[in-house]
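# Structure at a glance
Residue strings, one per chain:
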Amino acid sequence: MRLVVDSSPRHNHCTRLLCCVTPQPCNPHQPGLSSLSTRMYKWLLLTNVATATLLPCSAVQLSARVDQSLRRRIRCHHTATHLLQSALKSVLGPDTCQQGSLVEANRLRFDFNLNRPMTSDEISRVESLVNGWVASASPTLTTVMGLDEARAAGATAMFGEKYDDVVRVVEVPGVSMELCGGTHVSNTSEIGAFKIVSESGVASGVRRIEAVCGQAAVEYMQGLDAVVKQLAANLRVKPEDLPSRVSALQDELKSTGKLLAEVKAQVAVAKAAALASQAVTAPDGVSRVLVSELSGLDPKALQEAALSLLDQLGDRAVVLLASKGDGDKVSFVAAVSQQVVSAGLQAGKLVGAVAKVCGGGGGGKPGLAQAGGKDATKLPQALATAVDIINATLKA
């Protein structure tokens, strides 16, 4: 397979073309390669972004050149893909097999069967195995043999793939043996380095590993190194001290969050105290009812305020508070004393019906419940609904 560039002035519009020069099977997952029928070998496809012209070979004078740098990078990732499959079989079990792959100059992608995420230890072991084989400087051997002979020798084949009677086998002795027609390094040391970038799920029972090799691995590590150095500079610590510094910041943030929650709760209780005087008597003549909006509180602080008011209003009380949040969101909390629950009014049902007016829902226990709405513009109607439900339940 060769990259062919037109050198004729008559065809200077030609940018590049791919021409199969030997009847050798090609790897369908490797970019830049294609397989042409032998009856097409006498024709060349000249292309650019605007046109495509099919010309007989005799019509033009051509020169061929392979992009060696690109080819070396592809070779590294392709051979590393074979080593990766062997490493996965070693770590996860011999039943692990390829479900798909992609080999490019800057990365490789390998899909395999597994019904769970890999653990960090498994990923580390796979990475170490591949890098060990890379460092061992093992030769990569290619042999053309019969398909039955290759299978008898233990060569790995893609499940469901159709092969000719004669196949090409790529082998790293003692490590990997696969049927493959693609380009490979002649020695594993040419790969240089192997680094797993990610492991993720792509379908039910199928996982995906993305990795980089050789110069791409160097570029990836340089990128990470730049990020680490920038973080270290921002936090004014040495790179090796970043983990402890980040942990300290997380502890500090957690402590600050707790303090902020306590302050919000205190503010909520203080606001609630000012509302207590607005409570009214229910139609039953004994229950105290407070339905109101209390601005600027999150759901947790709103709950603290409702419970504080319930304590202030006595043994027969109902409190329903609402607070607008981000955008059109609104939060509701209902608190109901045990004697009122016994009279038939439950906090969960009350708050659920009220939140429904604002396009939301929720619920909870008979004595305490929370809910949320999506349309804060309907808050006045929601609060009016709460009053109606309470009055209808607590009749004289």
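Residues numbered from 1 in each chain as written. Predicted model: local features only at pLDDT ≥ 70, side-chain atom pairs only at ≥ 80, totals over all residues. Heavy atoms only, no water.

## Some thoughts on the pairing of strand β12 (residues 206-213)
How we decide: Note on exposure labels: buried denotes an accessible area under 20% of the residue type's maximum, exposed denotes more than 50%, and partly exposed covers the range between, all computed with a 1.4 Å probe on protein chains only. Numbering of helices and strands runs from the N terminus, with a helix taken as a DSSP run of H or I at least four residues long and a strand as a DSSP run of E at least two residues long. By the convention used here, strands pair only if DSSP detects at least 2 bridges between them.
For β12, the buried fraction is high: seven of the eight residues fall into the buried class. Pairing between strand β7 (residues 108-113) and β12: six bridges, direction antiparallel. When the sheet's bridge partners are listed, F112 is paired in β12 with R207. Between strand β11 (residues 194-203) and the antiparallel strand that follows it, β12, lie two residues; G205 among them carries a positive phi value of about 75°.

## A word on the nonpolar core
Rules: By convention a nonpolar core is built from buried Ala, Val, Leu, Ile, Met, Phe, Trp, Tyr and Cys residues, the set being connected through side-chain atoms within 4.5 Å.
One finds V318, L320 and F332 to be the most contacted residues of the largest nonpolar core, which totals 27 residues. Elements supplying a minimum of two residues to this core: β15 (317-324), β16 (330-336), α7 (338-342), α8 (347-357), β18 (368-373) and α9 (379-393). With 24 residues, the next largest nonpolar core counts A87, F112, V185 and A211 among its residues.

## Structural notes on unusual backbone geometry
Here A137, not a glycine, exhibits a phi torsion of approximately 55°, which is positive. Within the secondary structure layout, A137 lies in the loop between α2 (120-135) and β8 (141-146). For R236, which is not a glycine, the phi torsion comes out positive at approximately 60°. In this structure, R236 sits in the loop between α4 (214-235) and α5 (242-275). According to the relative accessible area criterion, R236 is exposed, its value standing at 78%.

## Side note on the sheet that holds strand β10 (residues 176-179)
We apply this condition: In this analysis an axis means a line fitted to C-alpha atoms, helices contributing only their contacting stretch, and an angle means the value between N-to-C directions, from 0 to 180 degrees.
Taken together, three strands build an open sheet; the order of strands is β8-β9-β10 and the sheet is antiparallel. Every interior strand has two partners, whereas the edge strands, β8 and β10, have only one. For this sheet, the mean inter-axis angle between neighbouring strands, taken without regard to orientation, is 25°. Relative to strand β9 (residues 166-172), β8 runs antiparallel, the two being bridged by six bridges.

## Quick look at the pairing of β9
In terms of burial, β9 is largely enclosed, as five of its seven residues are buried. The pairing of β9 with β10 spans four bridges and is classified as antiparallel. Looking at β10, one finds that V169 is bridged to L179. Hairpin connection of β9 to β10: three residues between the antiparallel strands, including G174 at a positive phi of 80°.

## Section: the side chain of E199
Applied cut-off: Whenever two N or O atoms come within 3.5 Å, that pair is a polar contact, provided that in protein one can donate a hydrogen and the other can accept it, and provided that, for residues adjacent in sequence, both atoms are side-chain atoms. Contact between two residues is taken to exist if any of their heavy atoms lie within 4.5 Å; hydrogens are not considered.
Here E199 is to be found in strand β11. Within the structure, E199 has its side chain in polar contact with the side chain of R207 (distance 2.7 Å). Sequence-distant contacts of E199, defined by excluding residues within four places in its chain, comprise F112, P117, M118, I123, R207, R208 and I209.

## What to know about the packing of aromatic side chains
What counts here: The pairing test for Phe, Tyr and Trp rings, Trp by its six-membered ring, is centres within 6.5 Å, and the orientation test on the planes gives stacked under 30 degrees, edge-to-face over 60, and tilted for anything in between.
Counted according to the given criterion, the structure contains one aromatic pair. On the basis of an interplanar angle of 20° and a centroid distance of 6.3 Å, the ring pair of F110 and F112 is categorised as stacked. Since its relative accessible area comes to 0%, F112 is described here as buried.

## Examining the sheet that holds strand β6 (residues 98-103)
Strand order in the open sheet made by the four strands is β6-β7-β12-β11, with antiparallel pairing throughout. Two strands bound the open sheet, and with one partner strand each, they are β6 and β11. Ignoring which end each strand starts from, the neighbouring axes of this sheet average 15° apart. Two strands pair when backbone bridges link them, and β6 and β7 are joined in this way by five bridges, in the antiparallel orientation. Bridge pairing in β7 places G100 opposite D111. Across the sheet, helix α1 (residues 68-92) touches β6, β7, β11 and β12, and the angle it forms with β7 is around 25°.

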